[in-house]
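Here's the letter readout for the chains.
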Amino acid sequence: MSTEKLTELHAAHEPDSIRRRLDSPIKQSYLADAVLGAIDGCVTTLAIVAGAVGARLPPAVAIILGLANLLADGFSMAVSNFQSGRTREHLLAKIRGIEEQHIRDVPAGEKEEIRQIFERKGFVGETLDRIVETVVSNPKTWVDTMLVEEYGLMLTGPRPWLSALTTMAAFVVVGIVPLLPFLISILAPEQVFAASVLLSMLAFFGVGLLKGQLLGDQRLRFGIETLLAGSLAALLAYAVGAALRSSFGIS
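Everything quoted here is computed from the prediction, not taken from an experiment.

> Please provide a residue-by-residue account of the overall build of the protein, values included.
Check the secondary structure of the protein and you find 11 helices and 0 strands. The C-alpha atoms of the protein give a radius of gyration of 26 Å, which is well past the 18 Å a tight globule of 251 residues would have. Taking all 251 residues of the protein together, the buried fraction comes to 33%. Considering only residue pairs separated by 6 or more positions, the protein has 70% of its internal contacts joining residues 24 or more positions apart.

> Mind laying out the layout of surface pockets, listing which residues take part and the relevant values?
The space that makes up the largest pocket amounts to roughly 250 Å³. As for the largest pocket, its lining consists of 19 residues, and the residues nearest its centre are P59, F182, P189, V192 and F193. Listing elements by their share of the lining of the largest pocket, those giving two or more residues are helix 3 (31-54), helix 4 (59-105), helix 9 (180-183) and helix 10 (189-215). Considering only residue class, the lining of the largest pocket consists of 16 nonpolar, 1 polar and 2 charged.

> Requested: an account of the side chain of N81, with residues and values cited.
Residue position: N81 is located in helix 4. Judged by its relative accessible area of 16%, N81 falls in the buried class. Of the polar contacts made by the side chain of N81, one reaches the backbone oxygen of S163; its length is 3.5 Å. One polar contact links N81 to T167, side chain to side chain, over a distance of 2.6 Å. Apart from residues lying up to four places away in sequence, N81 is in contact with D33, S163, A164 and T167.

> Which residues make up a nonpolar patch on the surface, and what values do they have?
On the surface, L67, L180, L183, I184, I186, L187, L198, L199 and L202 cluster together into a nonpolar patch covering about 780 Å² of accessible area. Among the secondary structure elements, those contributing two or more residues to the nonpolar patch are helix 9 and helix 10. The element contributing the most residues to the nonpolar patch is helix 10, with 3 residues. In this fold, L67 is placed in helix 4.

> I'd love a proper account of the packing of aromatic side chains, names of residues and values included.
Counted according to the given criterion, the structure contains 1 aromatic pair. Both rings, one in F118 and one in F123, keep their centres 6.3 Å apart while their planes meet at 55°; by these two values the pair is tilted. For F118, a relative accessible area of 13% translates into the label buried. The class of F123 is partly exposed, set by a relative accessible area of 31%.

> Tell me about the nonpolar core, and please be specific about residues and values.
Counting 16 residues, the largest nonpolar core has I114, F118, W142 and L147 as the members making the most contacts within it. Of all the elements in the fold, those that place two or more residues in this core are helix 4, helix 5 (107-120), helix 6 (125-136) and helix 7 (139-149). The greatest single-element share of this core, amounting to 5 residues, is contributed by helix 6.

Reading the values: the criteria
- Residues numbered from 1 in each chain as written.
- Predicted model: local features only at pLDDT ≥ 70, side-chain atom pairs only at ≥ 80, totals over all residues.
- Heavy atoms only, no water.
- Helix = DSSP H or I, 4+ residues; strand = E, 2+ residues; numbered from the N terminus.
- Rg over C-alpha atoms; globule rule 2.2 N^0.38 Å.
- Buried < 20%, exposed > 50% of the residue type's maximum accessible area, 1.4 Å probe, protein only.
- Contact = heavy atoms within 4.5 Å.
- 1 Å grid on protein atoms, 1.4 Å probe; cavity = no way out; pocket = protein on both sides within 12 Å on 5 of 7 lines; lining within 4 Å.
- Points joined across faces, edges and corners; volume = space filled by probe spheres on them.
- Nonpolar A, V, L, I, M, F, W, Y, C, P; charged D, E, K, R; others polar.
- Polar contact = N/O pair within 3.5 Å; in protein donor to acceptor, adjacent residues only side chain to side chain.
- Patch = residues over 30% accessible without salt bridge, like charges linked within 9 Å, V, L, I, M, F, W, Y side chains within 5 Å.
- Areas by Shrake-Rupley, 256 points an atom, 1.4 Å probe, with all protein chains shown as cover.
- Salt bridge = Lys/Arg side-chain N within 4 Å of Asp/Glu carboxyl O.
- Phe/Tyr/Trp six-rings, centres within 6.5 Å; stacked < 30°, edge-to-face > 60°.
- Core = buried A, V, L, I, M, F, W, Y, C linked by side-chain atoms within 4.5 Å.

Next up, the structure:
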């Protein structure tokens, strides 16, 4: 680590810096939603295009199916992501209510649970006693500790509606890439599919690189992994389309 970065790291761990950071709202990451939407959007649209070309269907069919997929599947993914987030919030609220009831009805038993939780972490004797008394002296801290330690739940998470919007936006923006050569009539018919595949591969690789850039590590590996996943999906769709064309006798 360079001297400059080491100095910044030390500065970030000064007492005042730590206090400000802990007092600030937790910044939620929507990277996973964006990557999921982008990859799925491009994969499914490219699969539709590859399947249509493999079956030798008219280009208009690929355009219609592709655009329909962008709206319908993108909206479906957004709704699913939203419902997943809301379910997580409802589960957290339900378990919180149960634990609050348990603390009211069987406080001694719940206190013993706190003791055993921290005992398993290696605390013993007077130190363990002080930790237990400190935790149970604040009902919210008591319940929060149970939610995290007993149920393995996260107390905070991404906002469901923002996760949904992020997923759909990434789905549509990246998902339209395979359709661009079909929508822009500047290529010969035999070049359209090749251009669609090329643009899609670049999109896959770009999404992987962006993921690696945001994570600060292994950009090339993420780019190649995403590129391979998209390529396999397109190849499978093309093969299925070609096989069905032969089965139905489409020339």
